[in-house]
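Listed below are the residues making up each chain.
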Amino acid sequence: MLPRSTGLLINDYTSFWPAQTLLGGLYIYEFLVEQFKAVKRGWLSFTHQISSINSLMLTYSYKYVNDCVIITSVMDVKNTFFKGIKPADDGSRSAILQTRVGRVMTPIFMPDGTRGVVKSLTPEQVESTGVQVVLANTYHLHLQPGEQVVSALGGVHGFGKWRGPILTDSGGFQIFSLSKLRKITEEGVEFKHPVTGEMRLITPEKSIQIQLELGSDMIVAFDHLTGLDNKSRKDVLEAYERTHRWLERCIKEFERLTVDMPEEQKPILFGVVQGGLDKELRRKSLEIVQSSNVGGIAIGGLSVGETKAEMYDILNFLTNYYDNSPRPRFLLGVGDPPDIRYAIEHGIDMLDCVLPTRNARHATVWVAGDKKIHLTNSKYIDDNSVIDPGCDCYTCESGYSKGFLRHQFKVKEPLAGTLCSIHNLRYLVRICEEYRGGQPA
RNA sequence: GUGCCUAUAGCUUAGUUGGUUAAAGCGUCGGGUUGUGGUUCCGAAGAUCGAGGGUUCAAGUCCCUUUAGGCACC
């Protein structure tokens, strides 16, 4: 329960209608109090049915600042799953993505919880950063402990206790990046189990089956990825063509397995655009994916070794060919702040990356201006300042000094990685929030 | 007092019958990381081999003296 003294501030949200004009602060406060019983701190968005006013379904995003509740956005939502798309002058767009377990606001950054959890963080800590969606990896969970086990333990939600939406990767990337022994055929990819040594076959159908059994809310088609080595045009072309053949099989399998599900209970399937750095292939690939029966468009095969300029070039190029269908665009594997900004300003709605959490565990954190610092540097040994005084993450607001964090990293105390993961995630989420129609106070 | 053992980078050690710029781990310092093989990866600095003398073309390696620490015996 919020203390009576807690005030309510509503941002001047000119780009969003009609909440702040229709509803007085007091009115919102009345029902927010009920909602806040469950969530003590965070930026979770939630919806509330206001029966007295036109039966509007509104989604609110809020945060605490100095013990005040601040509504950072209020949006009207209809029934389709990607709604309220609002383009901005800078090329970005904000919207609401409706999943079967809740709505999230885009643009959105999604941390990778490879094995069912974001490393070193509890779900509550992840929530506190404003993260709305978490990724899990099909490849890892399939190998260990297996999708049947995860399913028996309540699916990815019950398993890792993340209440928000979960997106699973197809497993394709890991097979290509982590498995030394692998054989790619038209049927699928055969690879050696890294632990048991036995050969496993993952097909497009199998990947969809696993992801559905895991209980994921958003799933990704099994694609053929190139770009990890010096690739020839022939390889790129082959991967590109195979990706599209596999996409058809993924869609068919997805439709078969979800045919009896109510529409609102179906996960969202993302098709993957490939084509390497070849613009013609990229354009055609986008065209093919967009003309397919998929709920979302994923851009794959970037941030895998090419230069930033090359990646930017492709992202910029693709903006000319996105269609008008209300589908989210998901850029796979990008998490460097400047890259995130560039992607969002070129029409990307969703991104995931291991960078914030991996860097954090290795003592590298972002500070204002997208600069990164190494907390283990000796100059921080007696530095009593927080990572970033302008940051509102738990770590910075609690006052953990750089000197303290440096010491904990030096003695390998895991808490240091946890605290910095919270900071880095918050940093990326704040970038996304800047594009959601306005900046929180 | 006598005998024996040890002494190599900040720490712990490797250095083969004496043979090219004395090696490694940890630590220190710096960097990398983009659909995550948990506590990672890469690089750098850092040693006049306890000290002094001798033998030899050549000594961390052999000899002598000496210093410090350890063990054993008087």
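Residues numbered from 1 in each chain as written. Chains lettered and ligands numbered in written order. Predicted model: local features only at pLDDT ≥ 70, side-chain atom pairs only at ≥ 80, totals over all residues. Heavy atoms only, no water.

Colleague: What is the right way to read the sheet that holds strand β15 (residues 268-273) from this model?
Modeller: In spatial order, the strands read β8-β18-β17-β16-β15-β14-β10-β9; together these eight strands make up an open sheet with parallel pairing. Single-partner strands in this sheet number two, and they are β8 (108-111) and β9 (134-137). Taking each pair of neighbouring strands and ignoring which way they run, the sheet shows an average axis angle of 25°. The sheet contact formed by strand β14 (residues 218-220) and β15 spans three bridges and is parallel. Note on β15: the bridge partner recorded for Val220 is Phe270. Against the sheet, helix α10 (residues 279-290) engages β15 and β16 (296-299), with an angle of about 160° to β15. (Pairing = 2+ DSSP bridges. Helix = DSSP H or I, 4+ residues; strand = E, 2+ residues; numbered from the N terminus. Axes fitted to C-alpha atoms, helices over the stretch in contact; angles between N-to-C directions. Contact = heavy atoms within 4.5 Å.)

Colleague: Whenever I open this one, the sheet that holds strand β13 (residues 199-202) confuses me. Can you help?
Modeller: Sheets are built from strands paired through backbone hydrogen bonds, the pairs being either parallel or antiparallel. Spatially, three strands are ordered β11-β12-β13 in an open sheet, and the strand pairing comes out antiparallel. Looking along the sheet, the strands with just one partner apiece sit at the ends: β11 (182-184) and β13. Ignoring strand direction, the axes of neighbouring strands in this sheet form an average angle of 15°. Pairing between β11 and strand β12 (residues 189-192): three bridges, direction antiparallel. The residue of β12 that forms the bridge with Lys183 is Glu190.

Colleague: What is the right way to read the packing of aromatic side chains from this model?
Modeller: The relative placement of two aromatic rings is captured by the distance of their centres and the angle of their planes. According to the stated counting rule, one finds eight aromatic pairs in the structure shown. Here the aromatic rings of Tyr139 and Phe191 are separated by 5.7 Å at their centres, their planes lie at 40°, and the arrangement is tilted. Here Phe191 lies in strand β12 and Tyr139 lies in helix α4 (residues 138-143), a separation of 52 residues in the sequence. A relative accessible area of 5% places Tyr139 in the buried class. (Phe/Tyr/Trp six-rings, centres within 6.5 Å; stacked < 30°, edge-to-face > 60°. Buried < 20%, exposed > 50% of the residue type's maximum accessible area, 1.4 Å probe, protein only.)

Colleague: Explain α10 to me, please; I cannot follow it from the model alone.
Modeller: Residues that lie three or four places apart on an α-helix share one face, since the helix turns once every 3.6 residues. With twelve residues, α10 extends 16 Å between its outermost C-alpha atoms, agreeing within 8% with the 16 Å of an ideal straight helix rising 1.5 Å per residue. Every buried residue of α10 is listed here: Leu281, Arg282, Arg283, Ser285, Leu286, Val289 and Gln290. Next to the buried residues of α10 lie α9 (233-258), β15, β16 and α11 (308-318). Measuring from the backbone nitrogen of Glu280 back to the side-chain oxygen at the start of α10 gives 3.0 Å, which picks out Asp278 as the cap. (Expected span 1.5 Å × (residues − 1). Polar contact = N/O pair within 3.5 Å; in protein donor to acceptor, adjacent residues only side chain to side chain.)

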